[in-house]
Amino acid sequence: EIQLVESGGGLVPAGGSRRLSCEASGLPGEFGEFLIGWFRQTPEKARAGLAAIQGDGRTYNADCVKGRFTMSSDHARSTVYLQMNNLKPEDTGVYYCAANELGEIVGGQELRPEVFDYWGQGIQVTVAS
C-alpha cells in the first residue's frame, strides 16, 4: 500500500518556525524517481502547491513562500521535509504531501495539484495571530 505520512504540524506563534516531515512507503519505484511536493488548503482557498523537490535535489517554490519555506530530502529514509520560517497567520491550513513519478511531470507544472497521483491525509498547521 502506498503511504505518505505527514508529521510535525501543530500550533506555532507568528514569526516562528516549524519543520514538517513526509515519509513515503510503498511507492511503485525508487524514491529518487519521484517528484514530491507540499500543498496547502484552507476553507477560503483551494489546494495550492507550496514547494516540490525532485530526486537530484532541485526544488521549486511558490511565490508566496519564497525566502521562507525550504524543502529537503533524505533518500535513505524516504522522507522529505518542509522547513517553514517566519510563519504568518495566513500560513494556517492543512498541509498535504504528494508524489508522482518525475517522468510524468511536464516542465512548469511542478506545483500543480492535478499532476500528483499519491497523497497523504494532511496535517494541520495553525499560526497564532
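Residues numbered from 1 in each chain as written. Predicted model: local features only at pLDDT ≥ 70, side-chain atom pairs only at ≥ 80, totals over all residues. Heavy atoms only, no water.

Asker: So what's going on with the state of the cysteines? Residues and values would help.
Answerer: As enumerated under the stated definition, the model contains 1 disulfide in all. Note that Cys22 is cross-linked by a disulfide to Cys97, the S-S spacing being 2.0 Å. Between Cys22 and Cys97, the disulfide has an S-S torsion of -80° and is therefore left-handed. Placement of the pair is Cys22 in strand 3 (residues 18–25) and Cys97 in strand 9 (residues 93–101), with a sequence separation of 75 residues. Pair check on accessibility: Cys22 and Cys97 agree, each one buried. (Disulfide = S-S within 2.5 Å. Helix = DSSP H or I, 4+ residues; strand = E, 2+ residues; numbered from the N terminus. Buried < 20%, exposed > 50% of the residue type's maximum accessible area, 1.4 Å probe, protein only.)

Asker: Any details on the side chain of Glu101? Residues and values, ideally.
Answerer: Considering the arrangement of structural elements, one finds Glu101 in strand 9. Side chain to side chain, Glu101 and Tyr118 meet in a polar contact 3.4 Å long. When near neighbours in sequence (up to four residues on either side) are disregarded, Glu101 contacts Pro28, Glu33, Phe34, Asp117 and Tyr118. (Polar contact = N/O pair within 3.5 Å; in protein donor to acceptor, adjacent residues only side chain to side chain. Contact = heavy atoms within 4.5 Å.)

Asker: How would you sum up the sheet that holds strand 1 (residues 3–7)? Please name residues and give values.
Answerer: Read across the open sheet, the 4 strands follow the order 1-3-8-7; overall the sheet is antiparallel. In this open sheet, the two strands that pair with only one neighbour each are strand 1 and strand 7 (69–74). Neighbour-to-neighbour, the strand axes of this sheet turn through a mean angle of 20°, independent of strand direction. Relative to strand 8 (residues 79–84), strand 7 is paired through 6 bridges, and the arrangement is antiparallel. In the sheet register, Ser73 faces strand 8, and the bridge partner there is Val80. (Pairing = 2+ DSSP bridges. Axes fitted to C-alpha atoms, helices over the stretch in contact; angles between N-to-C directions.)

Asker: Provide a residue-level description of the nonpolar core, including the pertinent values.
Answerer: Trp38, Phe69, Val80, Leu82, Met84 and Tyr95 are the most contacted members of the largest nonpolar core, which has 28 residues in total. Taken together, the elements giving at least two residues each to this core come down to strand 3, strand 4 (34–41), strand 5 (48–53), strand 7, strand 8, strand 9 and strand 11 (123–128). Ignoring any residue separated from it by four or fewer positions in sequence, one finds Tyr95 in contact with Glu6, Leu20, Trp38, Phe39, Arg40, Leu50, Phe69, Leu82, Met84, Gly122, Ile123 and Val125. The next biggest cluster of nonpolar side chains, apart from the first, holds 9 residues, and it includes Ala52, Tyr96, Ile105 and Val115. (Core = buried A, V, L, I, M, F, W, Y, C linked by side-chain atoms within 4.5 Å.)

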